[in-house]
Amino acid sequence: MTLWPITLVTFKEGIRNRALYGITLFALLLFGATALVATMIPREVGKVSVDMALSTISFTGLLVVLFVGINLMAKDLDKRTIYTVLSRPISRSQYIVGKFFGMVLIIIATMGILSLLAMAVLVLMKMTFAADFFSRFSWQLIILADCLVVLMLILLSAVSFLFSSFTSSSFITLVLTIITYIIGESLSGVKALVESPAQAVGFTVSPLTRRMVEAAYYIFPNLSLFDIKVQAAHALTVSSSFVIWTVIYGLIYIVLSITLAALIFTKKEFP
Amino acid sequence: MRRLLIVAALILAVCLHAMALGKAADAMKLLPKDESQAFVLPSPLLKIAALEFHGIASDILFLKSTVFIGSAVGRKEKAGIKEWEWNWYAKILDASTDLDPYFLDPYLYANAFLPWEPGKVEEANRLLEKGSRYRDWDWRMPFFVGFNDFFFLHKDAEAAPFFMEASRRPGGDPMLASIAARIAFKENRTETAIFFLEETVRMTDDQSLKELYETRIQALQSIALLERGVGLYKKKFGRFPSTVDDLVRRNIINQIPVDPYGGTYSVALDGKVRSTTSSELEPHISPLMRSLH
Amino acid sequence: MDNINIAVADNSPMCSNNMIKLVNISKKYNAGIGEKRVLALDSLELEIHQGEVFGFLGPNGAGKSTTIKILMNLIYSDSGSAEIGGKDVRNPEARKVVGFLPENPYFYDYLTADELMWFGGKTAGMDLKSIRKRSDFLMTKVDLQNARKRSLRTYSKGMMQRAGLAFALIHDPDVVILDEPMSGLDPIGRKMVGDLLIELKQQGKTVFFSSHILNDIERFSDRAGIIIGGRLRLVDSLSKLLSVNSNLEEVFMKEVEAAEGEAAP
């Protein structure tokens, strides 16, 4: 089981990254802002609290993937620790997969702590305000939204691994991952925009544009599927088939990304 | 000695900094604002720009709108708020509810403000109908639409189905169904309006909105009192009074009620009671009056 | 002078067992867009016998590092094959018996030396108890006992080198490959590495190290190979080489001149 030493070493290195201190502080500030802002809302204090708590988890997680995650691969390639690791009797694929699992552990650990903090803030808000400010509140949906966010972050991380496997610069990986995130989140909105009739949006869209958007829709990860924050904030129902299919989509995309990353990485040379 | 000078210079710099900041902020408030600032991105673009943060984007837009209302309510003369400012307000609430159509607060505020001073009834109803579609557990949305149709637009036929819908939803007063019938028979409008507004006050927890509605109820109650008086006068003397003072002189009513909007009452030739304000700053007939005739 | 022309003298009594075998290894690098491709290694043939210390000598850029990296499967040869302990270098199993120290080793900032040893041992299939025992032994040997719980970020260059050596030896490998092991070390460090090389030889390990410092090759190698411009020009036992010439420098300069003579038409 040679994956475990790589996974554990990756986890330790990542979790001790000084950037995490700054990111945690930032998250605490955002949670504080949650409590402050939600009290300014006349009626739906509950919905706004949930909005902000889940958004804090999302955004902080994004920072972890971008600045701790990408750094993990970059350190190996920029700073030549790769020689140390690859000198062991492990294959290139084992290296990539082991490292990725280490990253998954980091995401789960950090998001776990953040989620606990978020729950604490929500419990605090519920205790402070009367029940009818939280008229529609569902712990199950909030936890489900949280889990989907974690899955999305793992997916984004897998994509960043893919980029790391063929670029030599960690900056390029960072830029590409950010672009993928933006495209991934906005893609379904753009697709809806170009497919809606001209009079609804006020301009016509050429068929070429429509086809390009559709192609992009299948290539880039549709990250908006993993965003059920609005549903969680209003305790709306989310069908189990939606959840199942979204999770399957996510897992397949992750497996494809990592497999491709491992394949590309196997061809890579380190002169 | 040098250290002392440096410390003194630093303290001076900090004071200057605070002063400059204060002066600049004050000056900025006095800058003329114009219509070019009334731009709100169209909702499809907002949704794309908001990425996965539709919820908080909606919250932020709503908070922006409350800042506007806060400063507007502070301005004594409501008519001093310009048309384009109300347009912006409507657009902001529309954008907020496009980002999160289940969010209650924008709908409540849209209903509390748009149909009244700015007279944007259709705009308000468009928003509220959106709210009614999404918040299908909420009886207040169709209730508001029905009220606006009835009270402001005099579209009684259109109002009735909304009241029916409201009566069917959880928390909706089943009485609303019979009110729908009443409207169809065009009974006393002012008293019906008072009933609806009292319903609204009952469900409102926001203190500032409550006061707003109660002032309106007071105005309507004064009108209702005078209308009853005019009716009694007609019965007794066979014709309408020429002024409201006639009602007092002939002992129909004890005293002329106070118009919370500061206007004076008069009786029209057809017996309808009107109020005009004496304030030079509000030369128009109040929308309240507009809606009753 | 054709491509494959090396003088190989096999006077070692254990020449029957080849721990490292490079057969017809060539490697071209793309120097840049539009520039000529550089031939880093040209049909290299080399065999290292079990139990010997082999010094790989050459000027900077001659192909020493390239050869070592091909052995460690960090880069891939264009042609030919390479084996360690009878296994192809492209097979991770080949590295089970290899301990590698790169030039200027670098490790994960936030790990401690102990955690690094654990990583090295675990990936080579050792159990925790053995790792602990070996760690204690090696940390003392390289004089890092006091620093083993500190994060590697805080280590000086000399300490890094020593940690690297311990890491390379944690699983008691039969083959030890060192790329410029003395580079950047102070006299104390050089002494430590030197003593270690001797000790490894006494234990019967196979050592393959590269250096551009003649003196180091002279002092520690049983056999030496001289590589210039990607071509292996001379391989012989130290005793043989020094019997004909007064010192290794003479041998070396002769080859350098010969190489320059071939290059210029």
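The coordinates are above.
Residues numbered from 1 in each chain as written. Chains lettered and ligands numbered in written order. Predicted model: local features only at pLDDT ≥ 70, side-chain atom pairs only at ≥ 80, totals over all residues.

Peer 1: Break down the interface of chain A and chain B for me, with residues and values.
Peer 2: Taken together, the contact pairs 24 residues of chain A with 18 residues of chain B. Listed by contribution, the elements that provide at least two residues to the side of chain A that touches chain B are α3 (45-78), α7 (170-195) and α10 (229-233) of chain A. A breakdown of the residues in the side of chain A that touches chain B according to their chemical character gives 11 nonpolar, six polar and seven charged. (Contact = placed C-beta atoms within 7 Å. Helix = DSSP H or I, 4+ residues; strand = E, 2+ residues; numbered from the N terminus. Nonpolar A, V, L, I, M, F, W, Y, C, P; charged D, E, K, R; others polar.)

Peer 1: Would you mind going over the environment of C:Glu93 in detail, with residue names and values included?
Peer 2: With respect to the secondary-structure elements, C:Glu93 resides in the loop between β5 (87-88) and β6 (98-101). Separated by 31 residues in sequence, C:Glu93 and C:Ala124 have C-alpha atoms that sit 9.4 Å apart. Apart from residues no more than four positions distant in its own chain, C:Glu93 is found in contact with A:Pro89 and C:Lys87.

Peer 1: Describe in detail the sheet that holds strand β1 (residues 18-30) of chain C, supporting the description with residues and values.
Peer 2: Residue and element names in this part refer to chain C. The sheet built from four strands is open, its strands ordered β2-β1-β4-β5 with antiparallel pairing. Every interior strand has two partners, whereas the edge strands, β2 (37-49) and β5, have only one. Strand direction decides the pairing type here: β1 and strand β4 (residues 79-84), joined by five bridges, are antiparallel. The partner of Leu22 across the bridge, within β4, is Ala82. (Pairing = 2+ DSSP bridges.)

Peer 1: Residue-level account of unusual backbone geometry, with values.
Peer 2: All names here are of chain C. Positive phi, close to 45°, is recorded for Ser43, a residue that is not glycine. Within the secondary structure, Ser43 sits in strand β2. C-beta crowding within 10 Å serves as the criterion here: with 19 such atoms nearby, Ser43 is assigned to the partly exposed category. A positive phi is found at Asp172, a non-glycine position, where the angle reads about 50°. Relative to the helices and strands, Asp172 is located in the loop between α4 (157-169) and β7 (175-179). (Buried ≥ 20, exposed ≤ 12 C-beta atoms within 10 Å, placed from the backbone.)

Peer 1: Lay out the arrangement of the chains with the relevant residues and their values.
Peer 2: Highest in contacts among the two pairs of chains that touch are chains A and C. With respect to C-alpha atoms, chain B approaches chain C no nearer than 34 Å, and the pair has no contact.

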